[in-house]
Amino acid sequence: MHGAAATASSGGIGQSSRENAYCLPGDIPAFGSADGPAALPAACIYTDSTGTPGTGTTTNLACGGDLQAALNNASCGQKIAIPAVCSSAQNVISGSFTLPNKSCDANHWIWIESDQTRAAGFPAEHTRAMPCAINQPSLTGYPNYSCAMAAKLMPQIQCNGSGNPACFLAAAGANHYRFVGLEIAETATVSNTGNGLVDLSAGADHIIFDRILFHGQAMNCPRSGSIYTCSSNDTKNGIQLSNSTRVAVINSWGYDFLCPQGGCTDSHAAGGGNGNGLDGILQVL
């Protein structure tokens, strides 16, 4: 990724200093004076919640509510809280949702979050989210992880529309959005071989994905060595970063990005870059 800055942290509790070890409040780079023969990154994004204030009111989306209308009507600084648990007929929000360009600023971020972010068991800020938060104490074919509690704490946003659309598609210039505690998933019936579950390629700026679970629908897909032997759908990308600036993916978990049907040849949890100065900041996938 040309011009990209990448940092990583261990994702443990209380690791705020590690997440922003090279970036100070106000997006002030702190990369030092030199890194051997490598050129230092030109930009960074400060990801602590104190640096992304949402100072307005909260819109509580009802079960079965219109998420696109909530996005269209949101003012800079407001929060949209999405219910994590609804009736079986309304427990998945399905569609392709556009993030409008509202010309927000550093003091007025739009937050899109689970309504369970303050519930017992929800991963605290600076803590890596695990599938425990979508009531998955284990995943077949993946290393074991420890769940202090497994519960449905995240709403599922499922990509489901024509032309391999993203679950979230940024309009040109969309900026200052923070996502917290969502499950962003491919539909079980339609392959996504386009830009990704989240597509920022129209040119988004200052977007943070915090404690997000991104995944395809190849769960329980058997493997023979490194080869997947299943009839599951293709899911090419989690997040498409091309043309975007200052994007962070922190304390999140991406899995099941596969191309078993041959609709794509390479898959990525996050990727992009086209030589136009991408400043995507990848912190903890």
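Residues numbered from 1 in each chain as written. Predicted model: local features only at pLDDT ≥ 70, side-chain atom pairs only at ≥ 80, totals over all residues. Heavy atoms only, no water.

Draft legend 1. Broad picture of the environment of G196. When you line up the elements, G196 lands in the loop between β12 (183-186) and β13 (198-199). Linking G196 and F257, residues 61 residues apart in sequence, is a C-alpha distance of 9.9 Å. Aside from chain neighbours lying at most four places away, what touches G196 is P165, A166, N237 and G238. (Helix = DSSP H or I, 4+ residues; strand = E, 2+ residues; numbered from the N terminus. Contact = heavy atoms within 4.5 Å.)

Draft legend 2. Inspection of the layout of surface pockets at higher detail. Its volume calculated, the largest pocket comes out at about 170 Å³. Together, 13 residues line the largest pocket, and G121, P123, M130, C132 and M149 are the ones closest to its centre. Tallied by class, the residues present in the lining of the largest pocket amount to 9 nonpolar, 3 polar and 1 charged. (1 Å grid on protein atoms, 1.4 Å probe; cavity = no way out; pocket = protein on both sides within 12 Å on 5 of 7 lines; lining within 4 Å. Points joined across faces, edges and corners; volume = space filled by probe spheres on them. Nonpolar A, V, L, I, M, F, W, Y, C, P; charged D, E, K, R; others polar.)

Draft legend 3. Just unusual backbone geometry, in detail. Of note in the backbone geometry, H126 takes a positive phi value of approximately 75 degrees without being a glycine. With respect to the helices and strands, the residue H126 is situated in the loop between β8 (110-114) and β9 (156-159). Positive phi, normally seen in glycine, also occurs at R211, with a value near 55 degrees. With respect to the helices and strands, the residue R211 is situated in the loop between β14 (205-210) and β15 (213-215). Given a relative accessible area of 8%, R211 falls into the buried group. (Buried < 20%, exposed > 50% of the residue type's maximum accessible area, 1.4 Å probe, protein only.)

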